[in-house]
Amino acid sequence: MGRGIIFLYGLACYLVSVGTLLYAIGFLGNFVVTKSIDSGIEDPLGQSLLINVGLLGLFAVQHSVMARQWFKRAWTRIVPEPAERSTYVLFCSLLLLLLFWQWRPMSGIIWYASHSAGRFALSTLFATGWLIALTTTFSIDHFDLFGLRQIYLHLRRRKFPPIPFKTPGPYQCVRHPLYLGWLVAFWSTPTMTVGHVVFAIGMTAYILLAIQFEEKDLVSFYGEAYRKYREQVPMILPLRLTK
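Because the structure is a prediction, the values reported are computed rather than measured.

What to know about the environment of F126
Part 1 of the reasoning: For F126, the location among the structural elements is in helix 5 (residues 116-140).
Part 2 of the reasoning: In this structure, the C-alpha to C-alpha distance between F126 and R175, residues 49 residues apart in sequence, is 21 Å.
Part 3 of the reasoning: In this structure F126 touches I25, L28, G29, F31, A185 and S188, once residues within four positions along its chain are discounted.

Put into C-alpha cells, the structure is as follows:
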C-alpha cells in the first residue's frame, strides 16, 4: 500500500471512530439518534438478554484480543504496521455500530429520578464521564491512540518510536482515567432501565477484566517504572482502601 493510501485509510478510520463515539453518546443518553438503548420494539426478555449479552461479548473479545501484543505481531504480517492502530480503531467502531443497531430494548425500570434536581445531577454526571474520557485521550496522545500519529509519520517517511512512559494530568489520580470516564457515563442516567443496566454491568465487567490484561502488557513493556506506578496510584477510583 502506498503512503498516501495508508494515510487516507487511517484518516477515514479516525472519522468513523469519531462518528461512532458521538453516536454512542446519543445511544446511551436516549437523545438525537434514531436508535437508542431504550428505543425499538421489545422481544421476549430471555431472547433480548441473550442477544444483548452476545453483542457485548463479541465487542469485548474483539477489543481485547486485537490489543494484545501477540495478535499485533501476527496481524502486521497482513496489515501494514503504520495502519495497525487505525485498523484496530475501525474494528472497534464497527463492532460498536453493530451493537447499537442490533441492541434489544428491555424496558423494566431499575430506578427513575423523578425530581428535576436529581435528573439534572445524573445528566451532568453523564456529560462529565464523557468529558473525562475525552480529556484523558488528549492528556496522553489523542492522535497516537486513534492511529493518526502513526500514519502521519509514515507519510512523512519518519520513524514512529513508542511513546515513553508518563503520567500526565488525570493519570496522577488513577491509572485508568479513560475507563473511569466511561464507567461514570455508563452508570449515570436519570432513568435506568433493565436494558441499560445490562449494558452497564456487561461493560463494567469487561473493563475490570481488560485492565488485568492491559496492565500485564504495560509491566512487560515498561518494567519497573510501571510496577512502581501501580503501587503508588489506585487503579480506577481515586482512593485507596489499603495502605
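Having seen it, we continue.
Looking at the pattern of salt bridges
Part 1 of the reasoning: The tally for this structure, following the rule as stated, stands at 6 salt bridges.
Part 2 of the reasoning: The residue D144 makes a salt bridge to R149 at a minimum N-O spacing of 2.9 Å. Here D144 and R149 have matching classes, each one buried.
Part 3 of the reasoning: Here E215 and R230 are joined by a salt bridge, their closest N and O atoms 4.0 Å apart. Here the residue E215 occupies a position in helix 9 (residues 194-222), and R230 occupies one in helix 10 (residues 224-232), the gap between them amounting to 15 residues.
Part 4 of the reasoning: Salt bridges sharing partners connect three or more residues here, namely R175, E215 and R230.

Some details on the environment of P190
Part 1 of the reasoning: Locating P190 in the fold gives a position in the loop between helix 8 (177-187) and strand 2 (191-193).
Part 2 of the reasoning: Setting aside residues no more than four positions away along its own chain, P190 makes contact with W111, Y112, A113, R119, L122 and S123.

How each quantity is defined
- Note on numbering: residues in each chain are counted from 1, in written sequence order.
- The predicted nature of this model means local features are confined to residues of pLDDT at least 70 and side-chain atom pairs, given and counted, to a pLDDT of 80 or more, with totals for whole chains, interfaces and linings taken over all residues.
- Excluding hydrogens and water, the side-chain values take into account all heavy atoms of the structure.
- Secondary structure elements are taken from DSSP: a helix is a run of H or I of four residues or more, a strand is a run of E of two residues or more, and numbering for both begins at the N terminus.
- Contacts are residue-level and defined by heavy atoms, with any inter-residue pair within 4.5 Å sufficient.
- Should a side-chain nitrogen of Lys or Arg be within 4 Å of a carboxyl oxygen of Asp or Glu, the pair is scored as a salt bridge.
- Exposed residues in this analysis have more than 50% of their type's maximum accessible area, buried residues have under 20%, and partly exposed residues fall in between, with area computed by a 1.4 Å probe over protein chains only.

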